[in-house]
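Analysis of the macromolecular model
Next come the chains, spelled out residue by residue.
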Amino acid sequence: MLEGKVVVLGVTGSIAAFRAAELASKLVQAGASVEVVMTPSATEFVTPLTFRSLTQGNVIVDMFGGALEHVELARRADVVVVAPATATTIARLAHGLAEDMVSVTVLATRAPVLVCPAMDSQMFENAATQANLETLRQRGMTIVGPEVGRLASGRMGLGRLSDVETILGAICYVLGRGGDLAGRKVVVTAGGTREPIDPVRYVSNYSSGKMGYAVAEAARDRGAEVVLVSAPTALPTPYGVRLEPVQRAAEMRDAVVRECRDSQALVMAAAVADYQPSATAEQKMKRRAKTLSLKLTRTPDVLAEAGKGFVRVGFAAESENLVANARRKLKSKGLDLIVANDITGPESPFDSDTNRVVILDRAGGEERLPVMTKYEVAQRILDRVVQLLAKGS
Ligand code: CTP
């Protein structure tokens with residue numbers, strides 16, 4: 001997503017400036033070409049050399065050394081990210097003041113601009129800051145954060161710079177607007193459902209949710225409106241994705257049915273528990289008898305009840321006869337595509353960041369993919385979804 005993109009990173013004078021170094025590094029790792037502009041006060045916190053070393057590029061602080069070159073930079077940018085953005089910089093941007101290289105660049109660019117505030121909570125909540133941010137929002141800039149956390153003063157409050165992962169997600173979201181899924185709604189499910197036995201125990205599986213979250217991110221990065229119906233996972237909600245948290249298969253079914261009414265695609269990456277305890281004990285079950293049998297009842301089949309009129313993609317996690325079993329599921333569930341993965345052996349996808357899959361279609365097609373990251377797998381699945389949508393419309 002970020003490969004070959006020109007990201008101009010504007011760093012301003014906040015204690016959070018050191019976190020912009022990590023952001024710059026992650027952007028470079030993702031293949032972006034990163035150009036850094038700093039306000040003089042930012043250099044009090046982090047030196048230009050830090051950014052020069054991380055990005056292998058020029059770092060511009062001085063307003064009077066080749067201003068035209070700087071305007072050229074604003075023109076070449078695919079996206080401008082001001083992180084951290086202080087109250088002063090936000091005020092300058094709102095009033096169009098070209099007083100330092102960061103405000104000059106934002107004033108001169110036509111690229112999308114992300115502003116990531118970081119300041120004391122009282123400064124953030126001040127009516128002046130709020131009005132300035134509202135002005136920026138109305139002019140089409142994207143405001144990312146701030147978040148609640150520990151501030152420079154040592155107090156907890158709203159004003160902490162968003163996590164680097166969140167800012168990266170926001171950059172992908174902004175760059176992806178207008179992609180080949182723009183104007184489409186995609187529903188994605190993820191994680192292993194939890195079927196309660198009593199207030200403290202449940203039946204579930206090893207699913208980490210990583211595959212579904214990768215599909216949600218990839219769909220967002222292609223411009224889709226994404227709803228992620230997720231069973232509990234340890235993963236952060238991707239920026240720009242609407243999360244619908246659920247626990248049980250029945251709750252997942254309800255959310256999927258509701259969200260699919262106006263969607264164009266459903267990708268069922270969730271590992272839905274096939275059985276649920278026939279009854280859930282209201283109180284914690286006590287350790288008494290030597291053996292205990294749990295009576296289980298089938299859960300609803302979410303895909304079967306999801307409805308029709310949109311592209312339907314299922315997953316098949318198999319421990320034997322991968323392709324044959326997956327093809328049977330493709331047919332019996334009436335899917336457009338099924339993504340088959342072998343859950344045994346060294347390439348087991350559980351909790352892994354990579355996956356090796358075969359994508360099967362209705363026409364008998366079989367696309368065998370090598371081991372790739374789950375995000376790359378997600379993009380390949382969505383390539384097929386886009387093709388199907390193009391045929392259908
Ligand atoms: N699925 C579903 N509802 C269920 C079970 C599964 O919607 N109650 C979906 C999964 O999200 C997946 C696909 O159906 O996209 C296949 O899931 P899988 O567990 O492999 O298949 P099952 O239908 O449960 O078949 P089996 O247990 O026989 O392997």
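A brief report on the enclosed structure follows. (Residues numbered from 1 in each chain as written. Predicted model: local features only at pLDDT ≥ 70, side-chain atom pairs only at ≥ 80, totals over all residues. Heavy atoms only, no water.)

Further remarks concern helix H10 (residues 210-221). In an α-helix there are 3.6 residues to a turn, and that puts residues three or four apart on one side. Between its terminal C-alpha atoms H10 stretches 16 Å, which fits the 16 Å expected from 12 residues at 1.5 Å a residue. Along H10, the residues classified as buried are Met211, Gly212, Tyr213, Ala214, Val215, Ala216, Ala218, Ala219, Arg220 and Asp221. Immediately beyond the C-terminal end of H10, within one or two residues, lies Gly223, with a positive phi of roughly 95°. (Helix = DSSP H or I, 4+ residues; strand = E, 2+ residues; numbered from the N terminus. Expected span 1.5 Å × (residues − 1). Buried < 20%, exposed > 50% of the residue type's maximum accessible area, 1.4 Å probe, protein only.)

Residues in contact with the ligand amount to 15 residues; listed here are only the nearest, Ala270, Leu303, Phe315, Lys329 and Lys333. Within the contact set of the ligand, an oxygen atom lies 2.9 Å away from a backbone nitrogen or oxygen of Met268. At a separation of 2.6 Å, an oxygen atom of the ligand approaches a polar side-chain atom of Lys329. When the ligand is considered free in solution it has 570 Å² of accessible area, and contact with the protein chains removes 77% of it. Its residues assigned to classes, the shell around the ligand shows nine nonpolar, two polar and four charged. (Near = heavy atom within 4 Å. Polar contact = N/O pair within 3.5 Å; in protein donor to acceptor, adjacent residues only side chain to side chain. Areas by Shrake-Rupley, 256 points an atom, 1.4 Å probe, with all protein chains shown as cover. Nonpolar A, V, L, I, M, F, W, Y, C, P; charged D, E, K, R; others polar.)

On to the sheet that holds strand S18 (residues 337-342). Spatially, eight strands are ordered S13-S12-S9-S14-S17-S18-S20-S21 in an open sheet, and the strand pairing comes out mixed. Each of the sheet's edge strands pairs with one partner strand only, and the pair in question is strand S13 (242-245) and strand S21 (366-368). Put simply, the sheet's adjacent strands are angled 15° from each other on average, direction ignored. Two strands pair when backbone bridges link them, and strand S20 (residues 357-361) and S21 are joined in this way by three bridges, in the antiparallel orientation. Paired with Val358 across the bridge in S21 is Arg368. In the packing of helix H13 (residues 322-332) onto the sheet, the strands contacted are strand S17 (311-318), S18, S20 and S21, and the crossing angle to S18 comes to about 150°. Where helix H14 (residues 374-392) meets the sheet, its contacts fall on strand S14 (265-268), S17, S18, S20 and S21, and the angle it forms with S17 comes to roughly 145°. (Pairing = 2+ DSSP bridges. Axes fitted to C-alpha atoms, helices over the stretch in contact; angles between N-to-C directions. Contact = heavy atoms within 4.5 Å.)

Mapped onto the elements, Pro245 comes out in strand S13. In the structure, Pro245 is positioned 55 residues away from Pro300 in sequence and 18 Å away in space, judged by C-alpha atoms.

This part is about the sheet that holds strand S4 (residues 79-85). An order of S3-S2-S1-S4-S5-S6 is seen for the six strands of this open sheet, with the pairing classed as parallel. Unpaired on one side and paired on the other, strand S3 (59-60) and strand S6 (142-143) mark the two borders of the sheet. Bridge analysis of strand S1 (residues 6-11) against S4 gives four bridges, and the strand direction is parallel. Each bridged residue has a counterpart across the sheet, and for Leu9 the counterpart in S4 is Val81.

What follows is about the environment of Leu181. Mapped onto the elements, Leu181 comes out in the loop between helix H9 (164-176) and strand S9 (185-190). Look at Leu181 and you get buried, because its relative accessible area is 0%. In this structure, the C-alpha to C-alpha distance between Leu181 and Leu382, residues 201 residues apart in sequence, is 8.9 Å. Non-local contacts of Leu181, meaning those with residues more than four positions away in its chain, are made with Val186, Ala219, Arg222, Gly223, Ala224, Leu382, Val386 and Leu389.

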